[in-house]
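These are the residues of each chain, in order.
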Amino acid sequence: QKEVEQDPGPLSVPEGAIVSLNCTYSNSAFQYFMWYRQYSRKGPELLMYTYSSGNKEDGRFTAQVDKSSKYISLFIRDSQPSDSATYLCAMYAGGTSYGKLTFGQGTILTVHP
Amino acid sequence: GAGVSQTPSNKVTEKGKYVELRCDPISGHTALYWYRQSLGQGPEFLIYFQGTGAADDSGLPNDRFFAVRPEGSVSTLKIQRTERGDSAVYLCASSQDPGSTDTQYFGPGTRLTVL
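Below is a short write-up of the structure. All figures in this text were calculated on a predicted structure; none of them were measured in a lab.

### What to know about the packing of aromatic side chains
- In this structure the tally under the stated criterion is 13 aromatic pairs over all chains.
- Taking 5.3 Å as the distance between ring centres and 45° as the angle between the ring planes, the aromatic pair formed by Tyr 25 of chain A and Phe 33 of chain A counts as tilted.
- Seen from their ring centres, Tyr 32 of chain A and Tyr 49 of chain A are 6.3 Å apart, and the 20° between their planes marks the pair as stacked. Of this pair, Tyr 32 of chain A sits in strand β4 (residues 32-38) while Tyr 49 of chain A sits in strand β5 (residues 45-51), and the two are 17 residues apart along the sequence.
- Using a relative accessible area of 10% as the deciding quantity, one classes Tyr 32 of chain A as buried.
- Ring-pair connections join several aromatic residues into one group, and the members of that group are Tyr 36 and Phe 103 of chain A together with Tyr 33, Tyr 35, Phe 45, Tyr 48 and Phe 106 of chain B.

### Let's talk about the interface of chain B and chain A
- At the interface, 24 residues of chain B touch 19 residues of chain A.
- Both faces combined, the contact of chain B with chain A buries some 1,700 Å², and carbon together with sulfur accounts for 49% of it.
- There are zero salt bridges connecting chain B and chain A.
- Taken together, the links from chain B to chain A amount to six residue pairs in polar contact (both at pLDDT 80 or more).
- Counting residues per element, the ones that place at least two in the side of chain B that touches chain A are β4 (31-37) and β5 (44-50) of chain B.

### Concerning the sheet that holds strand β1 (residues 5-7) of chain B
Residues and elements named next belong to chain B.
- Read across the sheet, four strands follow the order β1-β3-β8-β7 without closing on themselves; strand pairing throughout is antiparallel. Unpaired on one side and paired on the other, β1 and β7 (65-68) mark the two borders of the sheet. The average undirected angle you get between the axes of adjacent strands in this sheet is 15°.
- Of the strand pairs in this sheet, β7 and strand β8 (residues 75-79) are connected by four bridges, and their pairing is antiparallel. The residue bridging Phe 66 from the neighbouring strand is Lys 78, located in β8.

### Quick word on the pairing of strand β9 (residues 88-95) of chain B
All names here are of chain B.
- Burial analysis of β9 places eight of its eight residues in the buried class, which makes it a mostly covered element.
- In β9, alternate side chains face the same way, and those of Ala 88, Tyr 90, Cys 92 and Ser 94 on one face and Val 89, Leu 91, Ala 93 and Ser 95 on the other are all buried.
- Of the pairings in the sheet, the one linking β4 to β9 comprises seven bridges and is antiparallel in character. Considered in β9, the bridge of Arg 36 is made with Tyr 90.
- Where β9 and strand β10 (residues 105-106) come together, two bridges link them in antiparallel fashion. Its bridge partner being in β10, Ala 93 is matched across the sheet by Phe 106.

### Points about the environment of Ala 55 of chain B
Residues and elements named next belong to chain B.
- For Ala 55, the location among the structural elements is in strand β6 (residues 53-56).
- Overall, Ala 55 belongs to the exposed group, its relative accessible area being 53%.
- In this structure Ala 55 touches Tyr 48, Phe 49 and Gln 50, once residues within four positions along its chain are discounted.

What counts and what doesn't
- Residues numbered from 1 in each chain as written.
- Chains lettered and ligands numbered in written order.
- Predicted model: local features only at pLDDT ≥ 70, side-chain atom pairs only at ≥ 80, totals over all residues.
- Heavy atoms only, no water.
- Phe/Tyr/Trp six-rings, centres within 6.5 Å; stacked < 30°, edge-to-face > 60°.
- Helix = DSSP H or I, 4+ residues; strand = E, 2+ residues; numbered from the N terminus.
- Buried < 20%, exposed > 50% of the residue type's maximum accessible area, 1.4 Å probe, protein only.
- Contact = heavy atoms within 4.5 Å.
- Buried area = accessible area lost by both parts, 1.4 Å probe.
- Salt bridge = Lys/Arg side-chain N within 4 Å of Asp/Glu carboxyl O.
- Polar contact = N/O pair within 3.5 Å; in protein donor to acceptor, adjacent residues only side chain to side chain.
- Pairing = 2+ DSSP bridges.
- Axes fitted to C-alpha atoms, helices over the stretch in contact; angles between N-to-C directions.

Any functional reading would require information that these geometric values do not contain.
This is how it looks when you write it as structure tokens:
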């Protein structure tokens, strides 16, 4: 079993829909949680960063972390065709594992006009 | 300013050959990471440099893989006796400081194909 599980989709939604993306993890040492967006033939770019449990909002994006359930989510409101990409969750434990990100498989999202 | 750059963007080689993949991090970034992304998968950690030294190379799959960063800036990932299973996109990332809140900036990757 992988440390981080993410449904690969693909997920197809109409423009304006609310999108929910999720990851589960097994390593209770993870404390830092991120969501990356990756366009085709490009490197991942950081969207959201959360430390420990709680919610964080940035424009149309909301990240949630529930450490008790080992479950993280990314919500996209009013989705746009430009949001079409692969979304990767990532996490790390901190401490001596600085920077060593563990990624989920990625969810392919298509937002159609 | 300029982001992380990687060369070549594509590399096709034959099984058994040696390849070098180059990464130019963002200027001033002390931390540098290599990841490997297979088709349909998320990136997997290979190695992390703090300055010139490899602080964590636990992700290198075997001794055919080696990476250097001799002057604390540019890094080269070297793969000996390539195998078809090495085919993947090799991503490089850099961050200003390996602190817990530091953002890793990724390059576009080198797509390696081993025939």
